[in-house]
Amino acid sequence: MRYTPDPVHEGYELLSAKPLGHLQSAIHQFPFRNMEEVIRKMNRYSTLGAAKLASKRVSMASAFGHGLWAFIKHYIFKRGFKDGWAGFVIALRQFRGHVLPLRQAL
């Protein structure tokens, strides 16, 4: 495995051709201490995303379309609706996270 230090979507890249296994039980994670931390991270990502889009041509329609797709993808296709209110809030945050950088780039 190798760490990828991308400014917005950092993470790990699998370097093996072996298939991944499955966990036997759920992992409960709490990535944020409070709402202030959520908003601070959202602002950081929107600023980084706007810098990434500085050379691209964007419009309010494309910003709304990207945000709407992000909401639908997380709430419906990734089954966020099964998590109730928390799933809705996460999907809504995805919408805002995609709209804000495009809006800032305008």
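In case you missed it, the structure is sitting above this.
Residues numbered from 1 in each chain as written. Predicted model: local features only at pLDDT ≥ 70, side-chain atom pairs only at ≥ 80, totals over all residues. Heavy atoms only, no water.

1. Re helix α2 (residues 60-77)
Note that an α-helix has 3.6 residues per turn; residues three or four places apart therefore point the same way. How we decide: Numbering goes from the N terminus for both helices and strands, where a helix is a DSSP run of H or I of at least four residues and a strand is a run of E of at least two. Expected helix span is computed as 1.5 Å times (number of residues minus one). With a 1.4 Å probe rolled over the protein chains alone, any residue whose accessible area is under 20% of its type maximum counts as buried; one over 50% counts as exposed, and the rest are partly exposed. In this description, one arc is meant: the one made by directions from the helix axis to the C-beta atoms.
The first and last C-alpha atoms of α2 sit 24 Å apart over 18 residues, in line with the 26 Å expected at 1.5 Å per residue. For α2, the set of buried residues is A63, G67, A70, F71 and H74. Buried residues of α2, seen end-on, are gathered within an arc of 95° and therefore sit on one face of the element. The outward face of α2, more than 90 degrees from its buried face, is lined by the exposed residues A61 and F77. Of the residues trailing α2, R79 is marked for its positive phi of about 60°.

2. As for the layout of surface pockets
Note the cut-off: For each structure, a 1 Å grid was placed over the protein atoms alone; sets of points admitting a 1.4 Å probe that cannot get out are labelled cavities, open sets with protein on both sides within 12 Å along at least five of seven lines are labelled pockets, and lining residues have an atom within 4 Å of a point. Grid points are joined across faces, edges and corners, and a volume is the space filled by probe spheres set on the points. By the convention adopted, Pro, Cys, Tyr, Trp, Phe, Met, Ile, Leu, Val and Ala count as nonpolar, Lys, Arg, Asp and Glu as charged, and the other residues, Gly among them, as polar.
As a volume, the second largest pocket reaches approximately 230 Å³. Forming the boundary of the second largest pocket are M35, V38, M42, W85, A86, V89, I90, L92, R93 and R96. If you list the elements that add at least two residues to the lining of the second largest pocket, you get α1 (35-52) and α3 (85-105). Ranked by residue count, the leading element in the lining of the second largest pocket is α3, at 7 residues. When its residues are assigned to classes, the lining of the second largest pocket shows 8 nonpolar, no polar and 2 charged.

3. Some details on the packing of aromatic side chains
Describing an aromatic ring pair means giving the distance of the ring centres and the angle of the ring planes. So the rule is basically this: Working definition: a ring pair exists when centres of Phe, Tyr or Trp rings (six-membered ring for Trp) sit within 6.5 Å. Plane angles under 30 degrees give stacked, over 60 give edge-to-face, the rest tilted.
All told, the structure shown has 7 aromatic pairs when counted by the stated rule. For the pair W69 and F77, a centre-to-centre distance of 5.8 Å together with 50° between the ring planes defines the contact as tilted. The exposed category is assigned to F77, whose relative accessible area is 55%. With 5.8 Å between their ring centres and 80° between their planes, F71 and F88 make a pair best called edge-to-face. Highlighted residues: F71 in helix α2 and F88 in helix α3, separated in sequence by 17 residues. Take F71: its relative accessible area is 17%, and that puts it in the buried class.

These values are about where atoms sit, not about what they do.
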